[in-house]
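Examining the three-dimensional arrangement
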Amino acid sequence: MAEEFLILNIVIWIGLYLIVALSLNIEFGFGGIPNFGRAFAVLMGAIAVGGIVNRILMLTLGVSGQIIDASGVVKTAMNDMIAQNPLIGISLLIGGLLLAAVIGAITGAAFILPSAKLSEDYLAITLLAISEVMFLVSYYHPDIVGGYYGVKVPNVLNFIPGEQRLFVFAAIIIFIAILVYLLVNRMLSSPYGRLLKAMRENEEVVKAYGKDIMKLRIKTVAVGSGIAALAGALYSMFSVNVIATNFSRVEWTFYPFLMVLLGGLGNTRGVVVGVSSFVIARIFLITYKFEIVEFLGLPFDPVWLEYILFGFVMLLILIYRPEGLIREKPILTDPIKKILKKRKSELGDSG
Amino acid sequence: MSVLEGAIIYSNLLVLLAIGLTMTYITTAVPNFAQGSFAVFGSYIAITLLRLLGVHPYLSIPVAFVLGGGLGVVIYTGVLRPLINRGAQIVILMIATLAVDLILLGLIGAYSDYLGMITKKSAKKFIFTPYDFPVLNLTGIFFVSILVIVLILFGLYLLLYKTKFGVAMRASMENPSLAEIMGVNVENTRLASWILSGALAAVAGVLLPFRQEIVPMTGGIIIVSIFASSIVGGLGSIFGALLGGYIVGISESFVTFQLSGIFGPGILVYSRVISLVVLVITLILAPKGLVSIKWRRIKWLKSFLS
């Protein structure tokens, strides 16, 4: 049984991190926008579920009071209704995800606005600062998503009994991750993907071709943040609560960067490899942390070991394998394929 | 501790941190995201000396200065130099400093557990205010922080303007390739800037617990204020760091306090929002910071002056 849950855990986290890492790959891997504030969009997804959906439910059910207590009342009422009518649960799930994507995209676009004209170092600093401050505000201020007390979220799959719920939820997360993967893949092999790569390589050239860098950046971060917010919403609905501390910079900005760089910048297949290897390593580390600490005789909390280890892994990747596990390949459009084919046949003729 | 007094103490410490950040930015062109953890490293040196040897935190400033410099050497030669030699882009260097920040957080956290275990007294959270002494109805930290900042600014002035090394350093800050042609070893000046940055941050870290509680995570929280200070003044100028440190420090504690009179004490937790707002306004109006503004060129000022 223990192995089953280990695998379940791995599957859920691969799904969640795949969504976030794919969104980061659009912005950073393709567009070259160093979004050091990825955690912000994930937090916005959680706020959409824990803060906004909860308030809408409070209004419709006529529950008043502080969000921390009211969310508990809402949760109990909704769970009963969902148990009787699965349709309510499913529409809550889909509605929550859509809302998260919209909120994520809007806040993402607003979030890059003050810095859309800046060079990459200033951009990274500003994005990190905004994300960090929003994290602190939602942690200290109980009126947004309950601060350090957190808020409750209705169990959208309450009609499925017991442990089966976990397996169904894992399937839903993986399904959405695959949808995102297909969507992102499709989007990035369109002219838009090539435009993003051009922006990453040389902004001046893109400008010379009449493209507005600022608009392109805003659009890209809006799309990326909308996708990343899905992960925040899914995570909140899965764990049936929202606590701001779960949306830290390490977990939702640093680790996604690590996964993208591990897999290889600017290619979606690389992201899948990066996410899978990272998540498997991390879940094993978390599951067997006490054994590891005992085995090595370490006099401290294993969480620190995780930080030290993954920090070093990042440095090793940057120093020894900056291209990642899978090297980036040029996008082959039909005309380029034709040219390559022609060249090949010419070479064949002469040789 | 009165509000103004607290604001000045905090600003002095921010200036120390911002000067270090600015120096390494000028020489290596990378914003150091680990600057906050550099400070917490200093705080833990002070708490170690206090708990194990009974040394008063003020007396551990020289030790922290030296060890902080050592940390700067390790980070520069171990992480940044190999990356720069490989021609890594700025983004990669920034991610590397984020990784350094995470490693430092892990090491400091692990060390805090260890220290708590051997001294039988938790080191996960501490504050030095009980060890401070009053001077002329003001807190000791007020005078100590001013003394430290005056000494360090004077020392920096001597180093940068009165020694040959300082001239070389300033030259390579302004134009690295030209300085290299003139025979300046840019490598040395980069290393020197990291040593100074680490040393100043560690000193600020020793003094910080006199004003606020320190936890291993503190570095990640104060980094926003440090960046705001450096950027408001201008990331390219050491004088800008001095100016920005005071603007951000004073507005963070003083403005928040004034606002709390209007909106109630709930607003006090938003002090970082103030530094973020100051940062964003600066980036919109003068992206290169206050020192980059050519005041004489501004029209309304001109008409006002003539």
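Residues numbered from 1 in each chain as written. Chains lettered and ligands numbered in written order. Predicted model: local features only at pLDDT ≥ 70, side-chain atom pairs only at ≥ 80, totals over all residues.

1. Observations regarding the overall build of chain A
- Helices and strands together make up the secondary structure of chain A, namely 15 helices and two strands.
- For 351 residues, the compact-globule formula gives about 20 Å, and the C-alpha radius of gyration of chain A, at 22 Å, lands near that figure.
- Projected onto its principal axes, the C-alpha coordinates of chain A cover approximately 75 × 50 × 40 Å.
- Residue burial in chain A is summarised as follows: out of 351 residues, 47% are buried.
- In chain A, the proportion of contacts linking residues at least 24 apart, taken out of those at least 6 apart, comes to 81%. (Helix = DSSP H or I, 4+ residues; strand = E, 2+ residues; numbered from the N terminus. Rg over C-alpha atoms; globule rule 2.2 N^0.38 Å. Buried ≥ 20, exposed ≤ 12 C-beta atoms within 10 Å, placed from the backbone. Contact = placed C-beta atoms within 7 Å.)

2. Details of the overall build of chain B
- Helix and strand content of chain B: twelve helices and two strands.
- Each helix (α) and strand (β) of chain B, taken in turn from the N terminus, gives the series α-α-α-α-β-β-α-α-α-α-α-α-α-α.
- Taken along the three principal axes of its C-alpha coordinates, chain B extends 55 × 50 × 35 Å.
- In chain B, buried positions account for 51% of the 306 residues.
- The long-range fraction of contacts in chain B, counting pairs at least 24 apart against all pairs at least 6 apart in sequence, stands at 74%.

3. With respect to the interface of chain B and chain A
- With 38 residues of chain B at the interface, the matching set in chain A holds 36 residues.
- The set of elements that each furnish at least two residues to the side of chain B that touches chain A consists of α3 (61–85), α4 (90–119), α9 (218–233) and α11 (271–285) of chain B.
- Sorting elements by how many residues they give to the side of chain B that touches chain A places α4 of chain B first, with 18 residues.
- Split by residue class, the side of chain B that touches chain A holds 33 nonpolar, three polar and two charged. (Nonpolar A, V, L, I, M, F, W, Y, C, P; charged D, E, K, R; others polar.)

4. Quick word on α11 of chain B
- Between the first and last C-alpha of α11 of chain B there are 22 Å, a value that for 15 residues agrees with the 21 Å anticipated at 1.5 Å per step.
- All of the buried residues along α11 of chain B are S271, R272, I274, S275, L276, V278, L279, T282 and L283 of chain B. (Expected span 1.5 Å × (residues − 1).)

5. Here's the deal with the environment of V20 of chain A
Residues and elements named next belong to chain A.
- Mapped onto the secondary structure, V20 falls in helix α1 (residues 2–30).
- Along the chain, V20 and L298 lie 278 residues apart, while their C-alpha atoms are 33 Å from each other.
- In this structure V20 touches R38, V42, A228, A231, W252 and P256, once residues within four positions along its chain are discounted.

6. Some thoughts on the nonpolar core
- I19, V42, A229 and L230 of chain A together with V203 of chain B are the most contacted members of the largest nonpolar core, which totals 205 residues.
- Aside from chain neighbours lying at most four places away, what touches V42 of chain A is V20, A228, A229, A231, G232, F247 and W252 of chain A. (Core = buried A, V, L, I, M, F, W, Y, C linked by C-beta atoms within 7 Å.)

7. Some remarks on the confidence of the model for chain B
- Of all residues in chain B, 93% have pLDDT values of 70 or greater, and the mean over the chain is 85.
- Scoring of the predicted complex yields 0.89 for pTM and 0.88 for ipTM. (pLDDT = per-residue confidence, 0-100.)

8. Digging into the environment of L97 of chain A
- Counting through the fold element by element, L97 of chain A comes out in helix α4 (residues 86–112).
- Setting aside residues no more than four positions away along its own chain, L97 of chain A makes contact with L230 and A233 of chain A.

9. Considerations on helix α10 (residues 238–263) of chain B
- The terminal C-alpha atoms of α10 of chain B lie 36 Å apart, and with 26 residues this matches the ideal 38 Å at 1.5 Å per residue to within 8%.
- A maximum bend of about 30° is found in α10 of chain B at S251 of chain B. (Bend = angle between axes of the 7 residues up to and from the residue.)

10. Focus: the packing of helix α5 (residues 120–140) of chain A against α9 of chain B
- Look at α5 of chain A against α9 of chain B: their axes get within 10 Å of each other, and the N-to-C directions meet at 140°. Comparing their axes, α9 of chain B and α5 of chain A come out oblique. Every pair of crossing elements has a handedness; the one defined by α5 of chain A and α9 of chain B is left-handed. Each of I125, A129, E132, V133 and L136 of chain A in α5 of chain A lies in contact with α9 of chain B, whose residues at this interface are I221, V224, F227 and I231 of chain B.
- Residues of the contact of α5 of chain A with α9 of chain B, tallied by class, amount to eight nonpolar, no polar and one charged. (Axes fitted to C-alpha atoms, helices over the stretch in contact; angles between N-to-C directions. Parallel < 35°, antiparallel > 145°, perpendicular 65-115°, else oblique. Left-handed = near helix turned anticlockwise from the far one by under 90°.)

11. Examining the environment of L147 of chain B
Residues and elements named next belong to chain B.
- Checked against the element boundaries, L147 lands in helix α5 (residues 140–162).
- Classification of L147 as exposed rests on a count of 12 C-beta atoms within 10 Å.
- C-alpha separation for the pair L147 and G69, spaced 78 residues apart in sequence, amounts to 20 Å.

12. Overview of the packing of α10 of chain B against α11 of chain B
All names here are of chain B.
- Where α10 contacts α11, the two axes come as close as 9 Å, and the packing angle between them is 135°. In terms of their interaxial angle, α10 and α11 are classed as oblique. For the crossing formed where α10 meets α11, the hand is right-handed. Of the residues in α11, those touching α10 at I247, V248, S251, E252, S253, V255 and T256 are S271, I274, S275 and V278.

13. Observations concerning unusual backbone geometry
Residues and elements named next belong to chain B.
- Positive phi, close to 60°, is recorded for A29, a residue that is not glycine.
- Positionally, A29 belongs in the loop between α1 (3–28) and α2 (35–53).
- The backbone of K120 sits at a positive phi, close to 60°, despite the residue not being glycine.
- In this fold, K120 is placed in the loop between α4 and β1 (134–135).
- By the C-beta count within 10 Å, which is 7 here, K120 ends up exposed.

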